[in-house]
Amino acid sequence: MRMPDEENDKLNLNIIEPLTPTDPLVTNYDGYNNSYCYKIKHKVFVHIGVKIDTENPVNAFILPEGYRPSSVIAAVGVGSSITNISALQAYPEGTIYIHSNYTYASIDFEFNIFNKKESEEKL
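Residues numbered from 1 in each chain as written. Predicted model: local features only at pLDDT ≥ 70, side-chain atom pairs only at ≥ 80, totals over all residues. Heavy atoms only, no water.

Comments concerning the nonpolar core
Reasoning step 1: Ranked by size, the top nonpolar core spans 23 residues in total, and within it Val46, Ile48, Ile96, Ile98 and Phe109 carry the most contacts.
Reasoning step 2: Of all the elements in the fold, those that place two or more residues in this core are strand E4 (43–52), strand E5 (58–62), strand E6 (73–78), strand E7 (85–90), strand E8 (95–100) and strand E9 (104–112).
Reasoning step 3: Here the element with the most residues in this core is E4; it accounts for five residues.
Reasoning step 4: In this structure, Ile98 is in contact with Ile48, Val50, Ile52, Asn56, Pro57, Val58, Ala60, Phe61, Ala87, Leu88 and Ala105, ignoring residues within four places of it in sequence. (Core = buried A, V, L, I, M, F, W, Y, C linked by side-chain atoms within 4.5 Å. Buried < 20%, exposed > 50% of the residue type's maximum accessible area, 1.4 Å probe, protein only. Helix = DSSP H or I, 4+ residues; strand = E, 2+ residues; numbered from the N terminus. Contact = heavy atoms within 4.5 Å.)

Comments concerning the environment of Pro69
Reasoning step 1: Inspection of the secondary structure assignment puts Pro69 in the loop between E5 and E6.
Reasoning step 2: Given the relative accessible area of 4%, Pro69 is considered buried.
Reasoning step 3: Taking the C-alpha atoms as reference, Pro69 lies 6.9 Å from Phe111; in sequence the two are 42 residues apart.
Reasoning step 4: The residues touching Pro69, leaving out its near neighbours within four places in the chain, are Leu63, Ala90, Tyr91, Pro92 and Phe111.

Now the structure itself:
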């Protein structure tokens, strides 16, 4: 059995891409560890930690090139407390829409990215 190597099992902070909100009604919230994404090989991990000043769906972020899903992704997380739900949809062009009836949202999701050329050749 492999014993954990605490130093090597930590995430390398150099691979984290901070996400900047695209709407003035959305701000990163330090209490939910702000918003960022990172990629390890073909897997993208996204963490959203925001304060939202509207109860309407909002265009909150655009994922950087190379960090975008090949189809629409939906995810849910908490709002201002564990009993309040927030949801998002991430689109292939990189746009992330968030809907929360509460002031805050914390949502984590992950997905695989595919080489479109190789995928099309297999069809």
